[in-house]
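Residues per chain, in single letters:
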Amino acid sequence: MTQSDPQDLNLYFAELEQEARQAASALSTPEAVEEFRLVWLGRKQGKLKQLSDSLLKSAAPEARREIGQRFNALKSVVESLLEDAAGAGPSDSALAAEAIDITLPSTRGLLGAEHPITRTMNEIVQVFAALGYSVGVGPEVETDFYNFESMNFPPGHPARDTQDTLVIANQERRPLRDRLLLRTHTSPVQMRTMEQQPPPLRIVIPGKVHRNEADDATHSSTFHQVEGLCVDTNITFSDLKGTLDHAMKALFGSSVKTRFFPSFFPFTEPSADVQISCIFCGGKGCRRCKQSGWIELLGCGMVDPAVFAFAAEKQPGYDPKKISGFAFGMGVERIAMMKYGVSDIGQFFSGDMRFLEQFA
Ligand code: DAH
């Protein structure tokens, strides 16, 4: 080819363009497209760079315009071929290799649901919220003072025993009242609440508690309670009875009856255990109620003046001569087991989806 012969030049550039078009038509993968780019437009070794070096730079000044025009035309052809190839996406065969079958159903995202214990706890709280009770919480790691002393547990009371209470290790140097333990009941939050708020007071306290128990079908070392406390002037035992009778009917149905049995708790005087008529047999007597027709469900009583005396140290309004109150505490698992017919408490904590799914 002579640089000055336009026909030779035309032929030469046409051949190059043909070559580029052929190469571009065979591009099927991103890797091949990149390879094409390097071969043609690579800054150091690319064909156009070589062409520019060999032809353009050495051309006689009068031929340079002709060559330059063709060079630029070829360059823009190569660039647009590259653009088309890069934008075209994978070829049919590449798609087939990925083998995504868009007709298949999508993977199902699992929706979470409230745990039956959380649900039952919320339901209990809701019954009292509707009566004007507020909701409080307290710490799970508690001091001996709040868990026992302020709740009027005399020294040596069996419930303080390390058999029942899980204590935090290495605190022997601390005074007993400051030693930490896993709370054995939600009752200490009664005291924490009274210290913060003067009477009148109506509060329910849901929460997790711990005891050193051997797990069996009805016992778990971790379980949940809902505590209640009502303090005002002239609160009587009949207020307590009316409130809990209503709550049990709201939870188990309006045909449920309640009865109150004398009992003992250090922080209430008098104290009672509340029984409800058996929800399984309606009170006739069955295996679930041990033929008695009644099922024991919670503890309650009138707040002991000794408890008010502890509260009055921080809030003088809790003067047992001026105010009175009642308290109650119930086990959430026990209520959930009855409501949902669960026979093994361990199921609540097993994390077994087949069990939990039934409550979704
Ligand atoms: N704290 C008691 C327990 O865990 C339950 C209880 C009984 C709470 C009577 C009360 C109450 O507030 O008045 O066994």
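Per chain, residues are indexed from 1 in the order of the written sequence. Given that this is a predicted model, residues contribute local features only at a pLDDT of at least 70 and side-chain atom pairs are listed and counted only at 80 or more, while totals for whole chains, interfaces and linings are drawn from all residues. To obtain the side-chain values, all non-hydrogen atoms of the structure were included, while hydrogens and water were left out.

Some details on the overall build of the chain
When helices and strands are counted, the chain shows twelve helices and nine strands. Radius of gyration here uses only the C-alpha atoms, and the compact-globule reference equals 2.2 Å multiplied by the residue count raised to the power 0.38. Computed over its C-alpha atoms, the radius of gyration of the chain comes to 41 Å, more than 25% above the 21 Å expected for a compact globule of 360 residues. Expressed along its principal axes, the backbone C-alpha trace of the chain runs to roughly 120 × 50 × 40 Å. For every residue, the accessible area obtained with a 1.4 Å probe (protein chains only) is divided by the maximum for its type, and the residue is called buried under 20%, exposed over 50%, and partly exposed between those limits. Of all 360 residues assigned to the chain, the portion counted as buried reaches 39%. Contacts are residue-level and defined by heavy atoms, with any inter-residue pair within 4.5 Å sufficient. Residue pairs in contact within the chain that sit at least 24 positions apart in sequence constitute 66% of those at least 6 positions apart. Comment: elements are numbered from the N terminus, with helices defined as DSSP H or I runs of at least four residues and strands as E runs of at least two.

Brief notes about the UniProt feature "binding site: Mg(2+)" (unreviewed entry) in the chain
UniProt positions are given in the numbering used here, feature names are shortened, and annotations may be inferred rather than shown by experiment. Residues given the UniProt feature "binding site: Mg(2+)" (unreviewed entry) here are Glu269. Turning to its location among the elements, Glu269 is positioned in strand β7 (residues 268-277). Filtering out sequence-adjacent residues up to four positions away, Glu269 remains in contact with Met302 and Asp304.

Digging into the pattern of salt bridges
Between Lys or Arg on one side and Asp or Glu on the other, a salt bridge is scored when a side-chain nitrogen of the former is within 4 Å of a carboxyl oxygen of the latter. Counted by the stated rule, this structure contains 14 salt bridges. Put simply, Arg37 and Glu34 hold a salt bridge, and the shortest N to O gap is 2.8 Å. One end of the pair, Arg37, and the other, Glu34, are both in helix α2 (residues 30-41), three residues apart, so they sit about a helical turn from each other. A salt bridge links Glu66 to Arg70; the nearest nitrogen and oxygen atoms lie 2.8 Å apart. Taken as a pair, Glu66 and Arg70 lie in helix α4 (residues 61-87) at a separation of four residues, close to a single helical turn. Take Glu66: its relative accessible area is 32%, and that puts it in the partly exposed class.

Notes on the site of the ligand
The immediate surroundings of the ligand are formed by 15 residues, with His185, Ser187, Arg211, Gln225 and Glu227 found nearest. Under the rule applied, a polar contact is a pair of N or O atoms within 3.5 Å (in protein, one hydrogen donor and one hydrogen acceptor; residues adjacent in sequence only if both atoms are side-chain atoms). Within the side chain of Ser187, a nitrogen or oxygen atom sits 3.0 Å from a nitrogen atom of the ligand. Between an oxygen atom of the ligand and a main-chain N or O atom of Phe328, the distance comes to 3.2 Å. The method behind every accessible area is Shrake-Rupley, applied with a 1.4 Å probe, and residues are considered shielded solely by the protein chains displayed. When isolated, the ligand has an accessible area of 360 Å², and the protein chains bury 89% of it. Elements that contribute at least two residues to the shell around the ligand include exactly β5 (222-232), β8 (294-303) and β9 (324-331). Of the residues assigned to the shell around the ligand, the class counts are five nonpolar, eight polar and two charged. One heavy atom within 4 Å of a molecule or strand is enough for the residue carrying it to be called near that molecule or strand. Each residue is assigned to one class: nonpolar for Ala, Val, Leu, Ile, Met, Phe, Trp, Tyr, Cys and Pro, charged for Asp, Glu, Lys and Arg, and polar for all the others, Gly among them.

Notes on the sheet that holds β7
DSSP-based pairing: two strands are paired if at least 2 bridges between them are found. Read across the open sheet, the seven strands follow the order β1-β4-β5-β9-β8-β7-β6; overall the sheet is mixed. Every interior strand has two partners, whereas the edge strands, β1 (134-135) and β6 (258-265), have only one. Where β6 and β7 come together, seven bridges link them in antiparallel fashion. Counted as the bridge partner of Phe265 is Thr268 from β7. Set on the sheet, helix α9 (residues 237-252) makes contact with β6, β7, β8 and β9; between it and β8 the angle comes to about 145°. Angular values range over 0 to 180 degrees, each being the angle between N-to-C directions of two axes fitted as lines to C-alpha atoms, with helices fitted over their stretch in contact.

A few points about the environment of Val189
Tracing the backbone through its elements, the reader meets Val189 in helix α8 (residues 188-196). We classify Val189 as buried; its relative accessible area is 2%. Beyond its immediate stretch of four places on either side in the chain, Val189 contacts Val137, Gly138, Arg183 and Ile205.

A few points about the packing of aromatic side chains
Any pair of Phe, Tyr and Trp rings, taking the six-membered ring for Trp, is counted once the centres come within 6.5 Å. Such a pair is stacked with planes under 30 degrees apart, edge-to-face with planes over 60 apart, and tilted for the rest. Enumeration over the complete set of coordinates arrives at 15 aromatic pairs. Plain terms: the ring middles of Tyr12 and Phe13 are 5.8 Å apart, the flat faces sit at 80° to each other, and that makes the pair edge-to-face. By relative accessible area, which is 31% here, Tyr12 ends up partly exposed. The exposure class assigned to Phe13 is buried, which follows from its relative accessible area of 6%. On the numbers, 4.8 Å between centres and 25° between planes, the contact of Phe128 with Phe328 is stacked. Residue Phe128 is located in helix α6 (residues 116-129), and its partner Phe328 is located in strand β9; the two are separated by 200 residues in the primary sequence. We note that Phe128, like Phe328, is buried. By the ring-pair criterion, three or more aromatic residues cluster together here, those being Phe128, Tyr133, Phe326 and Phe328. Two limits define a charge over a ring: the Lys NZ or Arg CZ must be within 6 Å of the ring centre, and within 35 degrees of the ring normal. Taking NZ or CZ as reference, Arg192 lies 4.1 Å from the ring centre of Tyr146, over its face. In this arrangement the basic side chain of Arg288 is found over the ring face of Phe280, its NZ or CZ atom lying 3.9 Å from the centre.

Side note on the side chain of Ser52
As for its placement among the helices and strands, Ser52 is situated in helix α3 (residues 47-56). We classify Ser52 as buried; its relative accessible area is 14%. When near neighbours in sequence (up to four residues on either side) are disregarded, Ser52 contacts Lys57 and Phe71.

A short note on the packing of α2 against α4
Interaxial distance between α2 and α4 falls to 10 Å at its minimum, and their mutual angle equals 170°. The angle between α2 and α4 falls in the class roughly antiparallel. When α2 is examined against α4, the residues Val33, Phe36, Arg37, Trp40 and Leu41 are found in contact with a partner set consisting of Lys75, Val78, Glu79, Leu81, Leu82, Ala85 and Ala86. When describing relative orientation, an angle under 35 degrees is termed roughly parallel and one over 145 degrees roughly antiparallel, while 65 to 115 degrees is termed roughly perpendicular and anything else oblique.

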